[in-house]
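# Working through the structure, step by step
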Amino acid sequence: MNQLDERLIKIVPSDRQVMLQKTEFYAFFHFTVNTFTGTEWGYGTESAEVFNPDQMDADQWAEAVKAAGMKGAILTCKHHDGFCLWPSKYTDHSVKYSPYLNGKGDIVKEVAEACKKAGLKFGVYLSPWDRNQKTYGQGKAYDDYFVAQLIELLTGYGDIFSVWFDGACGEGPNGKKQVYDWRRYYDTVRNYMPGACISVSGPDVRWCGNEAGDTRPSEWSVVPSDLSVAERVAALSQHADDPSFRQRVISSMEEDLGSRERLRQEQHLIWYPAEVDVSIRPGWFYHPEEDDKVRSLENLMDIYEKSVGGNTTLLLNIPPMPNGLLHEEDVKRLQELGREIQKRYGNNLAEGTEILVKEENEWNPVNGVQTDDYETYYQGKGPKAEFKISWNAPQKISAVILKENILKSQRIEAFEILSMKNGILVSLYKGTTVGYKKIARFPQIESDILIIQILDSRIEPTLSFIGIYG
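Residues numbered from 1 in each chain as written. Predicted model: local features only at pLDDT ≥ 70, side-chain atom pairs only at ≥ 80, totals over all residues. Heavy atoms only, no water.

### As for the sheet that holds strand S2 (residues 72-78)
Consider a sheet: its strands pair through backbone hydrogen bonds, and that pairing is either parallel or antiparallel. With respect to topology, eight strands assemble into an open sheet ordered S5-S4-S3-S2-S1-S10-S9-S6, the strand pairing being parallel. Edge strands, defined here as strands with exactly one partner in the open sheet, are strand S5 (197-200) and strand S6 (206-207). Both S2 and strand S3 (residues 121-126) contribute to a ladder of six bridges, which runs parallel. Bridge assignment links Leu75 to a residue of S3, and that residue is Val124. Contacting strand S1 (25-29), strand S9 (274-279) and strand S10 (312-317), helix H11 (residues 297-307) runs over the sheet at an angle of about 150° to S10. (Pairing = 2+ DSSP bridges. Helix = DSSP H or I, 4+ residues; strand = E, 2+ residues; numbered from the N terminus. Contact = heavy atoms within 4.5 Å. Axes fitted to C-alpha atoms, helices over the stretch in contact; angles between N-to-C directions.)

### Examining the side chain of Ser409
Take Ser409: it is sitting in the loop between strand S14 (385-403) and strand S15 (412-421). Within the structure, the side chain of Ser409 is placed 3.5 Å from the backbone oxygen of Leu8, a separation counted as a polar contact. Among the polar contacts made by the side chain of Ser409, one reaches the main-chain carbonyl oxygen of Ile11 at a distance of 2.7 Å. Beyond its immediate chain neighbours, meaning those up to four positions away, Ser409 contacts Leu8, Ile9, Ile11, Val12, Val222, Trp271 and Glu404. (Polar contact = N/O pair within 3.5 Å; in protein donor to acceptor, adjacent residues only side chain to side chain.)

### Examining the pairing of strand S11 (residues 355-359)
In terms of burial, S11 is largely enclosed, as four of its five residues are buried. Bridging between S11 and strand S12 (residues 362-365) involves four bridges; their strand directions are antiparallel. For Lys358, the partnering residue across the bridge sits in S12 and is Trp363. The loop that links S11 with its antiparallel partner S12 comprises two residues; one of these, Glu360, has a positive phi angle of about 50°. (Buried < 20%, exposed > 50% of the residue type's maximum accessible area, 1.4 Å probe, protein only.)

### Describing the packing of aromatic side chains
Scanning the entire structure with this criterion turns up 28 aromatic pairs. On the numbers, 5.9 Å between centres and 55° between planes, the contact of Phe165 with Trp182 is tilted. Of this pair, Phe165 sits in strand S4 (residues 162-165) while Trp182 sits in helix H7 (residues 182-192), and the two are 17 residues apart along the sequence. Under the relative-accessibility criterion, Phe165 is labelled buried at 0%. Aromatic ring contacts, followed pair by pair, group Tyr136, Tyr142, Tyr145, Phe146, Phe165, Tyr180, Trp182, Tyr185 and Tyr186 into a single cluster. Over the ring of Trp363 we find Lys388, and its NZ or CZ is 4.5 Å from the ring centre. The cationic tip of Arg458 hangs over the ring face of Trp220; the distance from NZ or CZ to the ring centre is 3.7 Å. (Phe/Tyr/Trp six-rings, centres within 6.5 Å; stacked < 30°, edge-to-face > 60°. Lys NZ or Arg CZ within 6 Å of the ring centre and 35° of its normal.)

In structure tokens form, the structure reads like this:
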């Protein structure tokens, strides 16, 4: 093993990063005064009187996202407009001063409790940019305010799996810029909710680079440490609501974040996995004119397979309507999505079937890849490995799921899936990275022998799971 590979495979995830990657697919709920004014980025001048979701049903939200196969949900507790969905002690710009339940409502509490009831994890989004707060731009005075609200969320609503900070950074009402005390924010989260992931403008999870659902063909979790500051540097942040962030495809400049060549000269490396955040509609908040623009099932499945199946997590936004319900079109699509995921990946053809690995020109049984966990796994004896799965009768196959044991870092650089027909190997899929999870999808074939070749690895490859699906 060369010195570079030795450095690379020493980088492994924290427990909280493993937790988030295992969560895989979770919801975003964008909901605030913007929902009632028809805007995407509020101005902070909206009256609390506009906020009145008179049919509010957080249980409906939770059941809808659970039907899609999601395992958690993150609520925009405060967006850039500064309106708080909980009765914060530190501002008048909150649900406490709205008509909703005569000022006795707490949307954060309702969503947190609905998630708990549905068996979903609950997370909070708190915008560092607050266009309503007069201390914004005054340094420590604003940081004190922000941290006080952060503590309210971290101590009042049970277990929180994700604290989501974005990097939007504009001027305050006084024209001054606020330089966020990120270290203080992070320390606050670690102190009050140590198991929570700090996402996107944080040290645990990075932004994939767009809001369109685009993904890289080779997604690495071991990347330069400089990436962890990119989203929280004001000069690089999003200063206005810019649709291009939701539309642009990842540029070639950003395509390679973690190959050997890219990392060769890097001195400091971190485990920093990507999250794909995308909305089920063109906007992040609800707009009635977008009711006929809900993403198709085919598009959502494509995003799911390339994100969850491409070594990232998927954060899918479903915006509630002003009445406090999810639109029936969104609910219907989520149900369709859950059924389709189950249809494609609910029956593992490798279960109960012997899997062999070729070692020193001999095929030997391997049992460590039959269960989807890190307790048992296969570790190779060199940079390459070859697996064979056979059936007594031909099987219809259109997808393979591979998972590395990421507790041992990310190792696989190249792999190929082949079918053996009449003694001849036919290539079905060629891939590069695997990481936490790789969904390799190809046109359906009939085969009674499937070969999986690990062609290159940074060090002896690991596989914690092999799944085969029709």
